[in-house]
Amino acid sequence: MRFRVWSLAFGLAGIAVWFAPGLRGSPPPHDRHVTVEASADAFRPARIRVGKGDRVTIDLVATDVIHGLYVDGYGVAATAEPGRPGRLSFVADREGTFRLRCSVTCGPLHPFIVGTLTVGEGRLARGALALLLFAASGAVWAVRR
Ligand SMILES: [Cu+2]
């Protein structure tokens, strides 16, 4: 009987995590500060991940020549030259994956200086937690038999 209650509790908790809007892994907005290094062939890091609603500040550091960073979908840009970092700031209020690209023609590899900004609500983490709870529910049920 006790096992059945636990099994039911884990199962219901899993369903709640999966469906409840309040539990959808949407943490309060953070200030996110990222330094991106731009060189002749790449942004480092090339992938930035933030939460929806976060206030994002990107400091762009140029290692060799003048580079730019433009965030598609948000329409914000910064330019940096060696020794003179650039900065851009915005609120990540739109979900999705947006392209980052160099906005200054800087050399032969300029078209390849790209990256992505992913603005999400951490769906993967929520799904993993829900699956864990479902699994726990199944495990408790199996042990009981
Ligand atoms: Cu460039």
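My aim in this report is to walk through the structure given alongside it, one point at a time. Keep in mind the model is a prediction, meaning the values are calculated, not measured.

### Points about the coordination of the copper ion
Six octahedral donors around a metal ideally sit at 90 or 180 degrees from one another, while four tetrahedral donors ideally sit at 109.5 degrees. Taken together, the protein donors to the copper ion comprise Cys102 (SG), Val104 (O), Cys106 (SG) and His110 (ND1), at separations of 1.9 to 2.3 Å. Sequence spacing among the residues donating to the copper ion works out to C-x1-V-x1-C-x3-H.

### Focus: a nonpolar patch on the surface
A surface patch of nonpolar side chains, amounting to about 430 Å² of accessible area, comprises Trp18, Phe19, Leu131 and Phe134. Those elements that provide at least two residues to the nonpolar patch are helix H1 (2–19) and helix H2 (123–144). Note on placement: Trp18 falls in helix H1. We classify Trp18 as partly exposed; its relative accessible area is 38%.

### Remarks on the packing of aromatic side chains
Under the defined criterion, the tally for this structure stands at 2 aromatic pairs. Three or more aromatic residues joined by ring pairs make a cluster, and in this case those are Tyr74, Phe90 and Phe98. For Arg94, the ring lying beneath its charged end belongs to Tyr74, and the centroid distance is 4.5 Å.

### A look at the pairing of strand S9 (residues 114–120)
Taken residue by residue, a regular strand's side chains alternate between the two faces of the sheet. Most of S9 sits out of view: 5 of its 7 residues are buried. Looking at chain direction, strand S3 (residues 47–51) and S9 are connected through 5 bridges and run parallel. Among the inter-strand pairings, Val50 is bridged to a residue of S9, identified as Val119. Across 6 bridges, the pairing between strand S8 (residues 96–101) and S9 is antiparallel. Each bridged residue has a counterpart across the sheet, and for Thr97 the counterpart in S9 is Thr118.

### Some thoughts on the sheet that holds S8
If you trace the 5 strands from one edge of the open sheet to the other, you get S3-S9-S8-S5-S6, paired in mixed fashion. Each end of this open sheet is capped by a strand with a single partner; those strands are S3 and strand S6 (76–80). Within this sheet the neighbouring strands show an average axis-to-axis angle of 20°, counted without direction.

Rules used in this analysis
Residues numbered from 1 in each chain as written. Predicted model: local features only at pLDDT ≥ 70, side-chain atom pairs only at ≥ 80, totals over all residues. Heavy atoms only, no water. Donors = N, O, S within 2.8 Å, 3.2 Å for Na, K, Ca; no water. Patch = residues over 30% accessible without salt bridge, like charges linked within 9 Å, V, L, I, M, F, W, Y side chains within 5 Å. Areas by Shrake-Rupley, 256 points an atom, 1.4 Å probe, with all protein chains shown as cover. Salt bridge = Lys/Arg side-chain N within 4 Å of Asp/Glu carboxyl O. Helix = DSSP H or I, 4+ residues; strand = E, 2+ residues; numbered from the N terminus. Buried < 20%, exposed > 50% of the residue type's maximum accessible area, 1.4 Å probe, protein only. Phe/Tyr/Trp six-rings, centres within 6.5 Å; stacked < 30°, edge-to-face > 60°. Lys NZ or Arg CZ within 6 Å of the ring centre and 35° of its normal. Pairing = 2+ DSSP bridges. Axes fitted to C-alpha atoms, helices over the stretch in contact; angles between N-to-C directions.

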